[in-house]
Amino acid sequence: MKIIRTKLDGCFIVKPKTFIDYRGAFLESYHKDRFLETTGLDIDFVQDNLSFSKKGVLRGLHFQAGEFAQAKLIRVVKGEILDVIVDLRKESPTYGEHVKLKMIEEENRSVFIPKGMAHGFLALSDDVIFAYKCDRYYTPKAEKGIAFNDSVLGIDWEYPKDDIILSEKDKNLPSFRSLQ
């Protein structure tokens, strides 16, 4: 397992070792002891989730607030996405900054997102299966979000705006400034 730091403190790209032979391939998508040894983070994941999206679906930018904040380990099982992570930790030197990553199933990469960050992704292929582990259970009353097209964040989703598919909830998310 190789861990690559991003510009957001505590946010890592996790590249597993993949073994390929005539039968197919094998990889460990997560190994708690190796993750702890490499990052120093002792994470206890308690919930696994899957989402299924068609091309053009944008999910996010979502987070859980306060005592219910979640750390997540995300990965693409099938397809291709543009993944965006926004630092919401006011004490962080990268507060309000974001990281964009294209993720495809063939790379088998994961991304660790620490507590205090918003997350969203845009499905770039016809069928996307997106998996993520959380270290806290989902709590509806703590669910928050930021508009994907927030002018302060200035995220370029690299996709025609008119072709983006949003849920009703995501169409009505507040601005980044409203969180301040």
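Here the structure is a predicted model, which means the values were calculated and not measured. Starting from 1, residues in each chain are numbered consecutively following that chain's sequence as written. For a predicted model such as this one, the threshold for reporting local features is a pLDDT of at least 70, and the threshold for listing and counting side-chain atom pairs is 80 or more; totals across whole chains, interfaces and linings nevertheless cover every residue. Water and hydrogen atoms were dropped before computing side-chain values, which therefore reflect all heavy atoms in the structure.

We count a stretch as a helix when DSSP gives it H or I for four or more residues in a row; a strand needs E for two or more, and each element gets its number in order from the N terminus. For the protein chain, the helix and strand inventory stands at two helices and 13 strands. Each principal axis of the C-alpha atoms in the protein chain carries an extent, and together these give about 50 × 35 × 30 Å. The proportion of buried residues among the 180 residues of the protein chain is 47%. By definition, residues are in contact when any of their heavy atoms lie within 4.5 Å. Counting only contacts in the protein chain whose residues sit at least 6 apart along the sequence, the fraction spanning at least 24 positions is 78%. Remark: exposure states derive from per-residue accessible area (1.4 Å probe, protein chains only) relative to the maximum for the residue type, with buried under 20%, exposed over 50%, and partly exposed in between.

With that settled, the discussion passes to unusual backbone geometry. Cis rather than trans, the peptide bond between Gly-60 and Leu-61 has omega equal to 5 degrees. Structurally, the position occupied by Leu-61 is in strand E6 (residues 58-64). Positioned with a positive phi, Asn-108 is a non-glycine residue whose angle comes to about 60 degrees. Relative to the assigned elements, Asn-108 resides in the loop between strand E9 (98-104) and strand E10 (110-113). The phi dihedral of Glu-158 is positive, around 55 degrees, even though this residue is not glycine.

Time to look at the side chain of Ser-110. Within the element layout of this structure, Ser-110 appears in strand E10. The contact partners of Ser-110, leaving out residues within four places of it in the chain, are Phe-12, Ile-13, Val-14, Ser-29, Leu-73, Ile-74, Arg-75 and Met-103.

A separate point is the layout of surface pockets. The distinction between a cavity and a pocket rests on a 1 Å grid over the protein atoms alone: a 1.4 Å probe fits inside a cavity but cannot get out, while a pocket stays open yet meets protein on both sides within 12 Å along at least five of seven lines, and a residue with an atom within 4 Å of a point counts as lining. Grid points are joined across faces, edges and corners, and a volume is the space filled by probe spheres set on the points. The volume enclosed by the largest pocket comes to roughly 420 Å³. Around the largest pocket sit 24 residues that line it, and His-62, Lys-72, Tyr-132, Glu-143 and Lys-169 are the ones nearest its centre. When contributions to the lining of the largest pocket are tallied by element, the ones reaching two or more residues are strand E5 (47-54), E6, strand E11 (117-123), strand E12 (127-134) and helix H2 (168-171). For the lining of the largest pocket, the element with the highest residue contribution is E6, accounting for five residues. Residues are grouped as follows: nonpolar covers Ala, Val, Leu, Ile, Met, Phe, Trp, Tyr, Cys and Pro; charged covers Asp, Glu, Lys and Arg; every other residue, Gly included, is treated as polar. For the lining of the largest pocket, the residue count by class is 10 nonpolar, nine polar and five charged.

On to the sheet that holds E9. Whether two strands pair comes down to DSSP finding at least two bridges between them. Pairing is antiparallel across the open sheet formed by five strands, whose spatial order is E9-E8-E11-E6-E13. The open sheet has two edge strands, E9 and strand E13 (143-145), and neither has a second partner. Shown here is a sheet whose adjacent strand axes are inclined to one another by a mean of 25 degrees, direction ignored. Pairing analysis gives three bridges linking E6 to E13, with the strands arranged antiparallel. Across the sheet, the residue bridging to Gln-64 is Glu-143, located in E13. The convention used is that axes are lines fitted to C-alpha atoms, helices contributing only their stretch in contact, and that angles between N-to-C directions extend from 0 to 180 degrees.

It is worth spelling out empty space enclosed by the protein at this point. Tallied over the full model, the rule gives one cavity of 30 Å³ or more. In this model, the largest cavity occupies a volume close to 60 Å³. Around the largest cavity sit His-62, Phe-63, Gln-64, Ala-69, Gln-70, Lys-72, Ile-113, Pro-114, Lys-115, Gly-116, Met-117 and His-119, which together line it. Looking at the lining of the largest cavity, the elements that each hand over two or more residues are E6 and E11. A per-element tally of the lining of the largest cavity places E6 first, with three residues.

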